[in-house]
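Take a look at the letters that make up each chain.
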Amino acid sequence: MNAVQVHVSKSALADAALAEVPLAPLADGAVRLAVESFSVTANNVTYAVAGDSFRYWDFFPAPDRMGIVPMWGHARVIESRHPDIMVGERVYGYLPMASHLDVIPGRVTPGGFSDTAAHRQPMSPVYNSYTRLAADPEHDPQREAERMIFGPLFRTGFLIEYFLRAEAWFGAEQLVVTSASSKTAMGLASVARQSSPGIKRVGLTSKGNIAFVTATGLYDEVVAYDDIDRLAVVRSVSVDFAGNAAVLGSIHRHFEDALAHSALVGMTHIEARSTFGGGEPLPGPKPALFFAPDHAVAFFKAHGAEGGGKLVAAAWHTFLKAADGTVAIERHKGLAAARDVFTAMVAGQIDPAKGIVIEP
């Protein structure tokens, strides 16, 4: 029996090909998952771009100079040599852009387990955790597509708001986010509206996305990047999802000392973003990297797996209502479609109003 994988060139992400790989006999204590579905979003492109620096390529090994991009999705147990994991059960978690994945479940509870495969242990435990859908407070069988499309990014937004609220928003009265059409930014705006209603939410986006971002209803004000200078100069925090040094520089120059905190999210490299134009230091606070997995570990340590899960689930279901209808879900069959969608995503050719689900 063979698995099918999508191998991506680490040096040229638009270069991707299907490959058949023999499945070895299942080891004692291991479980074989058949990948049922996953979404392809800009987040997956981030995983590939930052694959070496954040070790995203290390989760699912591939031949030299090639990599398998991680995806979030659903899978079914088709073979089990673990006494507590039954064939037929379904899970949600970090999956390869592939047809199958073998895992070695550890720390098994009714709610989930971790893959204890040796090669995955150096990476964040957040990515090694799998939720058993039968006991998952976030799971809604009718909204599985939305969970794959929005869920991982929503969690990052949730954790950003939790961090900022724990810091009393650094004394700010306004939240300014770049790439306001992104799913992570939408998640942050939703949680801020729910948990920090006194904070004004300002979304920055391209002129072409103004209508889409406004229609979400998640922001108090939506402004084009070219119009940053029109923003009220009040004490603010900025959260940068765009990764555009010019935009970040414009925010810092506009707010200067009124900018209380500047967060960089995702793959952003702090040293490359701490200056603009000829190495001149940015006015205001030094941008600080927000790495969601580290914050997730701290959050669940503080609240426990069950308590933290319920807090996230409550915010998630509220966000689902807010995000309803903001994306048109497209379903594609087969890993060839996954390859094509991913390479189109790399080229920036996917409309943010579309949510792509692949069913291998």
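Note that this is a predicted model, so its numbers are computed, not measured.

Chemist: Can you walk me through the layout of surface pockets in this structure?
Modeler: Any empty space left between atoms is shown by rolling a water-sized probe over those atoms. Its boundaries defined by the atoms lining it, the second largest pocket holds a volume of some 450 Å³. Those elements that place two or more of their residues in the lining of the second largest pocket are strand 1 (2-9), strand 2 (12-22) and strand 7 (100-103). Examining the composition of the lining of the second largest pocket, we find that 4 residues originate from one element, strand 7, more than from any other. Among the residues forming the lining of the second largest pocket, the class breakdown is 21 nonpolar, 4 polar and 3 charged.

Chemist: I tried to follow the sheet that holds strand 1 on my own but got confused; where do I start?
Modeler: Strand order across the open sheet formed by 3 strands is 2-1-4, with antiparallel pairing between neighbours. Of all strands in the sheet, those bounded by a partner on one side alone are strand 2 and strand 4 (66-67). As paired strands, strand 1 and strand 4 are joined by 2 bridges and run antiparallel to one another. Bridge assignment links valine 8 to a residue of strand 4, and that residue is glycine 67.

Chemist: Just to check I follow, could you spell out the nonpolar core for this structure?
Modeler: Within soluble globular proteins, side chains that are nonpolar generally end up buried alongside one another. Counting residues in hydrophobic clusters, the biggest one holds 90 residues, and the most contacted among them are Leu175 and Val239. At 10 residues, helix 2 (residues 144-166) tops the list of elements feeding residues into this core. Other than its neighbours up to four places away in sequence, valine 239 contacts Ile160, Leu164, Leu175, Val176, Val177, Thr178, Leu188, Ala263 and Val265. Of all hydrophobic cores here, the second largest spans 11 residues; its members include Val176, Leu231, Ile251 and Phe255.

Chemist: What exactly am I supposed to notice about empty space enclosed by the protein here?
Modeler: Applying the stated criterion to the full structure yields 1 cavity of 30 Å³ or more. For the largest cavity, the calculated volume is near 50 Å³. What lines the largest cavity is simply Ser39, Thr41, Asn43, Asn44, Trp72, Met148, Ile149, Pro152 and Leu153. Of all the secondary-structure elements, those providing two or more residues to the lining of the largest cavity are helix 1 (42-49) and helix 2. The biggest single contributor to the lining of the largest cavity is helix 2, with 4 residues.

Chemist: Help me understand helix 7 (residues 292-303), please; the structure alone is not making it clear to me.
Modeler: Since there are 3.6 residues in each turn of an α-helix, residues three or four apart along the chain are aligned in direction. An ideal rise of 1.5 Å per residue puts 16 Å on 12 residues; helix 7 measures up with 16 Å between its terminal C-alpha atoms. Taken as a whole, helix 7 has its buried residues at Ala292, Pro293, Ala296 and Phe299. Seen along its axis, helix 7 keeps its buried residues to an arc of 115°; they face one direction. The exposed residues of helix 7 that point more than 90 degrees off its buried face are Asp294, Lys301 and Ala302. Those residues of helix 7 that are buried lie in contact with helix 2, strand 18 (288-290) and helix 8 (305-323). Positive backbone phi, approximately 80°, marks glycine 304, located one or two places after helix 7.

Chemist: Is there a simple way to explain the packing of aromatic side chains in this structure?
Modeler: The geometry of an aromatic ring pair comes down to the distance between the two centres and the angle between the two planes. The tally for this structure, following the rule as stated, stands at 25 aromatic pairs. With centroids separated by 5.4 Å and ring planes inclined at 80°, the aromatic side chains of phenylalanine 158 and phenylalanine 299 adopt a geometry described as edge-to-face. Of this pair, phenylalanine 158 sits in helix 2 while phenylalanine 299 sits in helix 7, placing them 141 residues apart in sequence. By relative accessible area, phenylalanine 299 is classed as buried at 1%. Ring pairing ties together the aromatic residues Tyr47, Phe54, Tyr56, Phe59, Phe60, Trp72, Tyr92, Tyr94, Tyr127 and Phe291, which thus form one cluster. Between the NZ or CZ atom of arginine 147 and the centre of the ring of tyrosine 92, over which it lies, the distance is 4.1 Å.

Chemist: Would you take a moment to explain the pairing of strand 6 (residues 90-96) for this structure?
Modeler: Along a regular strand, successive side chains alternate from one face of the sheet to the other. Extensive coverage of strand 6 is indicated by the burial of 6 of its 7 residues. Two strands pair when backbone bridges link them, and strand 5 (residues 70-80) and strand 6 are joined in this way by 7 bridges, in the antiparallel orientation. Bridging from a neighbouring strand, glycine 73 pairs with glycine 93 of strand 6.

Chemist: Just checking my understanding: could you explain helix 1 for this structure?
Modeler: Among the residues making up helix 1, those that are buried are Asn43, Asn44, Val45, Tyr47 and Ala48. Lining the buried residues of helix 1 we find strand 2, strand 3 (31-40), strand 5, strand 6, helix 2 and helix 9 (335-346). A distance of 3.1 Å separates the backbone nitrogen of asparagine 43 from a side-chain oxygen at the start of helix 1, and that oxygen is part of threonine 41.

Chemist: Would you mind showing me how to read the pattern of salt bridges here?
Modeler: A pair can form between side chains of opposite charge whenever their charged atoms are brought close. Considering all chains together, one arrives at 23 salt bridges under this definition. For arginine 55, the salt bridge goes to aspartate 58, with nearest N and O atoms at 2.7 Å. Across the pair aspartate 115 and arginine 120 runs a salt bridge, and its minimum N-O distance is 3.0 Å. Through salt bridges with shared partners, one network takes in Glu36, Arg76, Arg90 and Glu144.

Calculation rules
Residues numbered from 1 in each chain as written. Predicted model: local features only at pLDDT ≥ 70, side-chain atom pairs only at ≥ 80, totals over all residues. Heavy atoms only, no water. 1 Å grid on protein atoms, 1.4 Å probe; cavity = no way out; pocket = protein on both sides within 12 Å on 5 of 7 lines; lining within 4 Å. Points joined across faces, edges and corners; volume = space filled by probe spheres on them. Helix = DSSP H or I, 4+ residues; strand = E, 2+ residues; numbered from the N terminus. Nonpolar A, V, L, I, M, F, W, Y, C, P; charged D, E, K, R; others polar. Pairing = 2+ DSSP bridges. Core = buried A, V, L, I, M, F, W, Y, C linked by side-chain atoms within 4.5 Å. Buried < 20%, exposed > 50% of the residue type's maximum accessible area, 1.4 Å probe, protein only. Contact = heavy atoms within 4.5 Å. Expected span 1.5 Å × (residues − 1). Arc of directions from axis to C-beta. Phe/Tyr/Trp six-rings, centres within 6.5 Å; stacked < 30°, edge-to-face > 60°. Lys NZ or Arg CZ within 6 Å of the ring centre and 35° of its normal. Polar contact = N/O pair within 3.5 Å; in protein donor to acceptor, adjacent residues only side chain to side chain. Salt bridge = Lys/Arg side-chain N within 4 Å of Asp/Glu carboxyl O.

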